[in-house]
Amino acid sequence: MQFWYDKNEEKIEEYKHLIMLDLSKEELKELAKRDMEVEQYMKEIEKVNQDPRFREYMTKEEDQKKIYNTQMSKAFNEGEKERSIEIAKKMLDKGKEISEIIEFTNLSREEIESLQQ
């Protein structure tokens, strides 16, 4: 944003797609005067913001809850994967067949074979 406030034209051009995210409507209009892509972006944003279905679709709190749930789900899946790897290692130590390990852990053959090395 400092590039925008300093009126650094070269840096504004380079980072305009990031700068757009923090500009007010008036500032976006100013930026759009110089760039057709920005102008198209503004038109699409205005169209979406005027659509009552979009505005009523989700509150800020609902959006935050969805983000939180997504992060928790990702963390859970990563934990499950780590646990499956631990189980696969123990099964390999016990001499179990790869097909059996696949059945119990849902790991791929390649993942299990890489654990053998």
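Residues numbered from 1 in each chain as written. Predicted model: local features only at pLDDT ≥ 70, side-chain atom pairs only at ≥ 80, totals over all residues. Heavy atoms only, no water.

Asks: Run through the nonpolar core, naming residues and quoting values.
Replies: Among the nonpolar cores identified, the biggest contains 7 residues, and these are A88, M91, L92, I98, I101, L107 and I112. Mapped by element, the contributors of at least two residues to this core are α6 (60-93) and α7 (98-105). Per element, the largest residue contribution to this core is 3 residues, and it comes from α6. Contacts of I112, omitting those with residues within four sequence positions, involve L92, I98, I101, I102, T105 and L107. (Core = buried A, V, L, I, M, F, W, Y, C linked by side-chain atoms within 4.5 Å. Buried < 20%, exposed > 50% of the residue type's maximum accessible area, 1.4 Å probe, protein only. Helix = DSSP H or I, 4+ residues; strand = E, 2+ residues; numbered from the N terminus. Contact = heavy atoms within 4.5 Å.)

Asks: Describe in detail the side chain of S84, supporting the description with residues and values.
Replies: Note on placement: S84 falls in helix α6. S84 sits in the buried class, given a relative accessible area of 15%. If sequence neighbours within four positions are ignored, S84 has contacts with T105 and L107.

Asks: Hey, could you go over the confidence of the model for the protein chain for me, with residue numbers and the actual values?
Replies: Chain-level statistics for the protein chain give a pLDDT mean of 82 and a share of 89% at 70 or above. Helix α1 (residues 2-6) is the least confidently modelled element of the protein chain, averaging 71 in pLDDT, while α7 averages 94, the highest of any element. (pLDDT = per-residue confidence, 0-100.)

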